[in-house]
Amino acid sequence: MSIIKDAAQAVMKKAVQLAPDGWMPNGRPDPLMTHKHGLIGAPVSRLDGALKVSGAARFAAEFPLEDMAYAAVLYSTIAKGRIASIDTTAAEAAPGVVLVMTWRNAPRMKAPPLFGTASKAAAGDTVPVMQDERVHWNGQPMAVVLASSQEQADHAKRLIRMSYEAEPAMTSFAAARAEGAEPAEFMGEKLQLAIGDAEAALAAAPFKIDQAYTTPRHNHNAIEPHAATVAWDGDSLRIHDASQCVVHTAWSIGQVFGIDEAQVHVTSPYVGGGFGGKTVWQHQILGAAASRLAGRPVRIALSREGVFRIVGGRGLTEQRVALAADADGTFKAIIHTGTVAMTPHNAMPEPFIVGTRSAYASETFKLDVEVVRLDTIATTFMRAPGEAVGTFALESAIDELADQIGIDPVELRIRNEPERDPTTGVAFSQRDIVAAWRAGAARFGWDKRGRPGARREGEWLIGLGCATATYPYYRMPGGAARITLTRDGQARIEIAAHEMGMGTATVHTQVAAERLGLAMEQVSVTYGDSSLPGVVLAGGSQQTASIGASVMAAQHVLVAELLKLAGNDSPLAGLKPDEVGGVDAGLASLDEPSRHESYASILSRAGRDSVVAEGQAPKPLETEHWSMHSHGAVFCEARVNAVTGETRISRFLGSFDCGRILNAKTATSQFRGGIIMGLGLALMEEAQFDERNGRITNASLAEYHVPVHGDVPPIEVIWTDIPDPHAPMGARGIGEIGITGTGAAVANAVFNATGTRVRTLPITPEKLL
């Protein structure tokens with residue numbers, strides 16, 4: 001059956017690729033692309049900024065509820081086995097304790113629906129939550145204590161006595177690989193591709209490199225740890241969550257408790273960072289189960305260690321990159337293969353080849369990801385899953401090949417720029433990365449780069465490095481929005497989207513105001529609520545496209561209704577929705593702007609106080625008809641202390657080609673944030689994993705290092721601002737591309753400074769001494 005299904009999907013995909021452009025969503029450019037001097041692109045400050053800095057913005061663990069209990073979680077200390085004994089007597093007798101929940105008294109619940117197994121499934125793993133005595137990983141929740149204060153709950157948790165019967169666990173990556181790996185899939189797509197005989201081309205080429213690159217486990221460490229405030233009202237559940245998928249969460253939690261998604265109301269107006277980790281994990285389910293058992297509201301706020309124990313992160317990778325080229329640098333073969341790890345209870349192998357498929361032209365390709373399974377915490381999505389670590393390997397290898405041939409690394413990349421997608425053959429929707437390379441190199445002073453080890457200032461060796469950044473354009477199905485327009489010229493946009501610090505509400509207030517012909521002060525955006533229209537995920541850098549397409553659809557419905565209300569006595573009489581646009585607080589003919597009538601006039605003549613329109617975004621067929629990607633060229637200046645091996649980044653520049661930039665201020669922040677996370681990936685981030693017992697040993701920010709202010713250099717950001725004619729607003733995603741390429745740019749700069757290649761992240765002093 002899978003063969004038939006795969007064949008049918010291949011036929012459908014080919015049909016979409018061959019269809020006329022005009023049949024596709026965004027086959028005609030968004031009219032907003034012609035607006036050159038309005039709100040689009042303006043550096044507007046975030047509308048929620050004042051609320052956040054003044055403390056008025058309430059996050060998930062800040063909602064006060066009457067008679068609320070506080071939760072503390074006890075985690076397992078073995079990787080696999082069963083609970084042999086539990087003694088909760090002392091904990092239950094401790095001051096303020098409401099109850100202790102274990103598998104013995106927890107409500108009966110179904111297994112969480114794994115992300116990707118259904119359109120709204122959002123769980124990070126499939127392990128039934130506290131339903132039996134089984135232990136699946138070191139750190140799995142084993143007990144929950146509810147008490148009248150957080151301090152009382154934390155104290156009582158320490159009084160629980162639990163013993164285990166351990167079973168043999170697979171916690172060694174090398175041992176798992178020795179037993180055999182299996183082909184990996186990512187979101188239903190196979191991670192294997194072969195074009196021509198790449199190994200033969202490699203063997204025959206005059207210039208080649210063939211190296212191994214490794215990246216470690218990474219853990220989510222958003223500034224806001226995961227939390228939820230939950231309360232039952234009969235069979236209805238209210239969850240104040242920190243979520244990047246409120247509708248998915250409502251459906252998934254409903255599945256666990258056997259209730260309809262409409263009975264689960266999830267709100268998440270403010271989220272202190274998500275990066276792929278703020279989906280459904282065991283803490284929301286534990287909080288809801290404990291609340292039902294206790295009959296009172298519960299706040300469950302994970303400690304920083306708790307995030308390490310419950311929430312998955314990026315899996316480790318071992319990658320092989322082999323490149324073959326002629327003397328002029330033309331690629332004859334690109335080989336990118338390797339092995340990653342995940343668990344028996346999740347399905348998220350790190351897809352490190354995704355960026356390689358479209359980055360460069362080559363006569364042959366061999367791309368392959370294999371996966372082994374370990375008895376550990378689940379792996380999951382983490383900013384630019386696949387590309388963040390895949391570009392480290394590929395772009396490091398390209399730098400090595402450039403050095404071997406004697407070609408400037410920038411020029412080598414430009415010489416291998418593809419005219420069409422090199423592995424699918426379809427046209428690019430818009431790709432101007434060469435312009436980004438040229439502008440970035442000139443701005444950064446790339447022509448000052450010398451031979452490895454040539455530049456020194458005292459103890460510090462100084463080098464320059466570069467890399468390509470890339471991330472796909474996604475737009476997931478299910479988008480919808482509602483627009484309410486009132487007679488006094490106010491518009492409210494409602495959509496189940498999310499604000500995790502990116503500036504979502506601000507940008508889409510700008511876009512909606514421009515689209516409707518209103519001032520920003522006349523537009524509000526309501527979001528972060530599962531009762532609102534749309535199934536929108538803030539992930540994959542696709543939320544802006546999803547919101548944009550949804551609002552476009554809703555506006556089309558709105559305009560049709562307004563034209564109907566306007567009737568034959570209006571200057572707009574006889575016009576169709578596609579022939580008018582929002583101008584000066586009303587509608588006007590696109591061809592004859594003088595044919596205009598204000599919203600107030602239309603509604604007043606119709607005797608209406610308001611009009612409400614809801615629209616569904618079309619299916620995202622554009623992603624199969626065109627090859628759609630954001631791109632960038634990143635440049636790094638690194639200083640390496642010749643005595644201590646310490647690496648400091650002194651300058652960084654990102655030159656991006658991501659379609660139209662919708663808000664210069666928030667976009668700059670997004671690019672910089674991604675780059676900073678990339679500096680952490682390059683120089684310090686690593687989850688220390690004890691293979692003897694399967695436990696993460698550095699489960700705190702004291703030991704799991706992320707960049708602080710002193711680690712971050714001046715970061716300059718520039719962009720082409722060339723619209724993508726086939727994306728809503730002409731814009732592609734920017735939330736994740738900043739982290740891609742950054743690790744390689746740092747490693748290549750370190751090589752240029754020292755002459756030493758580091759192929760294993762992070763780049764720590766002992767690797768340079």
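Residues numbered from 1 in each chain as written. Predicted model: local features only at pLDDT ≥ 70, side-chain atom pairs only at ≥ 80, totals over all residues. Heavy atoms only, no water.

K.L.:
Before we move on, can you summarise the overall build of the chain with the specific residues and values?
P.N.:
From N to C terminus, the chain includes 19 helices and 32 strands. Here the C-alpha atoms of the chain give a radius of gyration of 27 Å, agreeing with the 27 Å that 2.2 N^0.38 yields for 769 residues. Counting only C-alpha atoms and orienting by the principal axes, one finds that the chain spans roughly 80 × 75 × 60 Å. Considering the chain as a whole, with its 769 residues, one finds that 60% of them fall into the buried category. Long-range contacts, defined here as pairs at least 24 residues apart, represent 81% of the contacts in the chain between residues at least 6 apart. Accessible surface computed for the chain: about 28,500 Å², of which carbon and sulfur atoms make up 53%. (Helix = DSSP H or I, 4+ residues; strand = E, 2+ residues; numbered from the N terminus. Rg over C-alpha atoms; globule rule 2.2 N^0.38 Å. Buried < 20%, exposed > 50% of the residue type's maximum accessible area, 1.4 Å probe, protein only. Contact = heavy atoms within 4.5 Å. Areas by Shrake-Rupley, 256 points an atom, 1.4 Å probe, with all protein chains shown as cover.)

K.L.:
Outline the environment of Arg 455, listing residues and values.
P.N.:
Positionally, Arg 455 belongs in the loop between helix H13 (433-444) and strand S19 (456-457). Overall, the relative accessible area of 36% leaves Arg 455 in the partly exposed class. C-alpha separation for the pair Arg 455 and Asn 752, spaced 297 residues apart in sequence, amounts to 9.0 Å. Look past the residues within four positions of Arg 455 in its chain and what remains in contact with it is Trp 460, Leu 461, Ile 462, Glu 637 and Arg 639.

K.L.:
Explain the nonpolar core residue by residue, including any values.
P.N.:
Ranked by size, the top nonpolar core spans 74 residues in total, and within it Leu 323, Phe 652, Phe 656, Phe 671 and Val 746 carry the most contacts. Counting 47 residues, the second-largest nonpolar core is a separate cluster that includes Met 130, Trp 281, Ala 288 and Leu 532. (Core = buried A, V, L, I, M, F, W, Y, C linked by side-chain atoms within 4.5 Å.)

K.L.:
Go over the pattern of salt bridges, please, and point to the residues and values.
P.N.:
This structure, assessed with the given rule, holds 48 salt bridges. Among the salt bridges present, the one from Glu 133 reaches Arg 82, with a minimum N-O distance of 3.8 Å. Note that Glu 133 is positioned in the loop between strand S3 (97-101) and strand S4 (134-135) and Arg 82 in strand S2 (residues 81-87), a separation of 51 residues in sequence. The salt bridge involving Glu 716 is made with Arg 443; its shortest N-O contact spans 2.7 Å. (Salt bridge = Lys/Arg side-chain N within 4 Å of Asp/Glu carboxyl O.)

K.L.:
Tell me what's going on with the packing of helix H15 (residues 543-566) against helix H16 (residues 599-606), and back it up with residues and numbers.
P.N.:
Here H15 crosses H16 at 55°, and the two axes come no closer than 9 Å. Comparing their axes, H16 and H15 come out oblique. Seen from above, H15 lies across H16 with left-handed handedness. Contact with H15, carried on its side by Leu 562, Leu 565 and Ala 566, involves Tyr 599, Ile 602, Leu 603, Arg 605 and Ala 606 of H16 and no other residues of that element. Residue composition of the contact of H15 with H16, by class: seven nonpolar, no polar and one charged. (Axes fitted to C-alpha atoms, helices over the stretch in contact; angles between N-to-C directions. Parallel < 35°, antiparallel > 145°, perpendicular 65-115°, else oblique. Left-handed = near helix turned anticlockwise from the far one by under 90°. Nonpolar A, V, L, I, M, F, W, Y, C, P; charged D, E, K, R; others polar.)

K.L.:
Can you tell me about unusual backbone geometry, naming the residues and giving the values?
P.N.:
Put simply, Leu 761 and Pro 762 share a cis peptide bond, and its omega is -5°. Phi at Ala 585 takes a positive value of approximately 60°, unusual for a residue other than glycine. You can see Ala 585 is positioned in the loop between strand S24 (580-583) and strand S25 (586-589). Assessed through its relative accessible area of 26%, Ala 585 is described here as partly exposed.

K.L.:
Quick rundown of the packing of aromatic side chains? Include the residues and the values.
P.N.:
For the structure shown, the criterion picks out 13 aromatic pairs. Plain terms: the ring middles of Phe 59 and Tyr 270 are 5.9 Å apart, the flat faces sit at 45° to each other, and that makes the pair tilted. With Phe 59 in the loop between helix H2 (49-53) and strand S1 (69-75) and Tyr 270 in the loop between strand S14 (264-267) and helix H8 (282-294), the pair connects residues that are 211 residues apart, well separated along the chain. Note on accessibility: Phe 59 and Tyr 270 belong to one class, buried. Seen in terms of ring centroids, Tyr 213 and Phe 392 are 6.0 Å apart; in terms of plane orientation they differ by 90°. Their pairing is edge-to-face. Of this pair, Tyr 213 sits in strand S11 (residues 207-215) while Phe 392 sits in helix H11 (residues 387-405); the two residues are 179 residues apart in sequence, bridging distant segments of the chain. One exposure class covers both Tyr 213 and Phe 392, and it is buried. Each residue in the set Trp 437, Phe 444, Trp 446 and Phe 635 is aromatic and connected to the rest through ring pairs, giving one cluster. Directly above the aromatic system of Phe 751 lies the positively charged group of Arg 757, at a separation of 3.6 Å from the ring centroid. (Phe/Tyr/Trp six-rings, centres within 6.5 Å; stacked < 30°, edge-to-face > 60°. Lys NZ or Arg CZ within 6 Å of the ring centre and 35° of its normal.)

K.L.:
Mind laying out the layout of surface pockets, listing which residues take part and the relevant values?
P.N.:
Space inside the second largest pocket adds up to approximately 810 Å³. Along its surface, the second largest pocket is lined by 31 residues, and Asp 30, Pro 31, Arg 515, Met 552 and Asp 578 are the ones closest to its centre. Of all the elements in the fold, those that place two or more residues in the lining of the second largest pocket are helix H14 (504-516), H15 and S24. Take the lining of the second largest pocket: its biggest share by element is six residues, from H15. Looking at side-chain class alone, the lining of the second largest pocket contains 15 nonpolar, ten polar and six charged residues. (1 Å grid on protein atoms, 1.4 Å probe; cavity = no way out; pocket = protein on both sides within 12 Å on 5 of 7 lines; lining within 4 Å. Points joined across faces, edges and corners; volume = space filled by probe spheres on them.)

K.L.:
Account for the sheet that holds S25, naming residues and giving values.
P.N.:
Strand order in the open sheet formed by three strands is S24-S25-S26, with antiparallel pairing between adjacent strands. This sheet does not close on itself; its edge strands, each paired only once, are S24 and strand S26 (596-598). With direction set aside, neighbouring strand axes in the sheet form an average angle of 25°. Pairing geometry for S24 and S25, over four bridges, is antiparallel. Looking at the pairing, Gly 581 lines up with Ala 588 of S25. (Pairing = 2+ DSSP bridges.)

K.L.:
Talk me through H13; I want residue IDs and the actual numbers.
P.N.:
Here H13 contains twelve residues, and its C-alpha end-to-end distance of 16 Å stays within 8% of the 16 Å for a straight helix at 1.5 Å per residue. All buried positions along H13 are accounted for by Ile 433, Ala 436, Trp 437, Gly 440, Ala 441 and Phe 444. Buried residues of H13, viewed axially, fall in a sector of 120°; they line one side. Facing away from the buried side of H13 by more than 90 degrees, the exposed set consists of Ala 442 and Arg 443. Of the residues flanking the end of H13, it is Gly 445, one or two places downstream, whose phi is positive at about 80°. (Expected span 1.5 Å × (residues − 1). Arc of directions from axis to C-beta.)

K.L.:
How would you sum up empty space enclosed by the protein? Please name residues and give values.
P.N.:
Counted according to the given criterion, the structure contains nine cavities of 30 Å³ or more. Each pocket or cavity is described by its volume, and for the largest cavity that value is around 140 Å³. Lining the largest cavity are 16 residues, with Arg 217, Arg 314, Thr 376, Ile 377 and Thr 379 positioned closest to its centre. For the lining of the largest cavity, a count of residues per class yields eight nonpolar, six polar and two charged.

K.L.:
Pulling in residues and values, what's your account of H14?
P.N.:
The end-to-end C-alpha distance of H14 is 18 Å, a good match for the 18 Å that 13 residues give at a rise of 1.5 Å each. With 13 of 13 residues buried, H14 is to be regarded as a mostly interior element. Directly beyond the C-terminal end of H14, a positive phi value near 75° is found at Gly 517.

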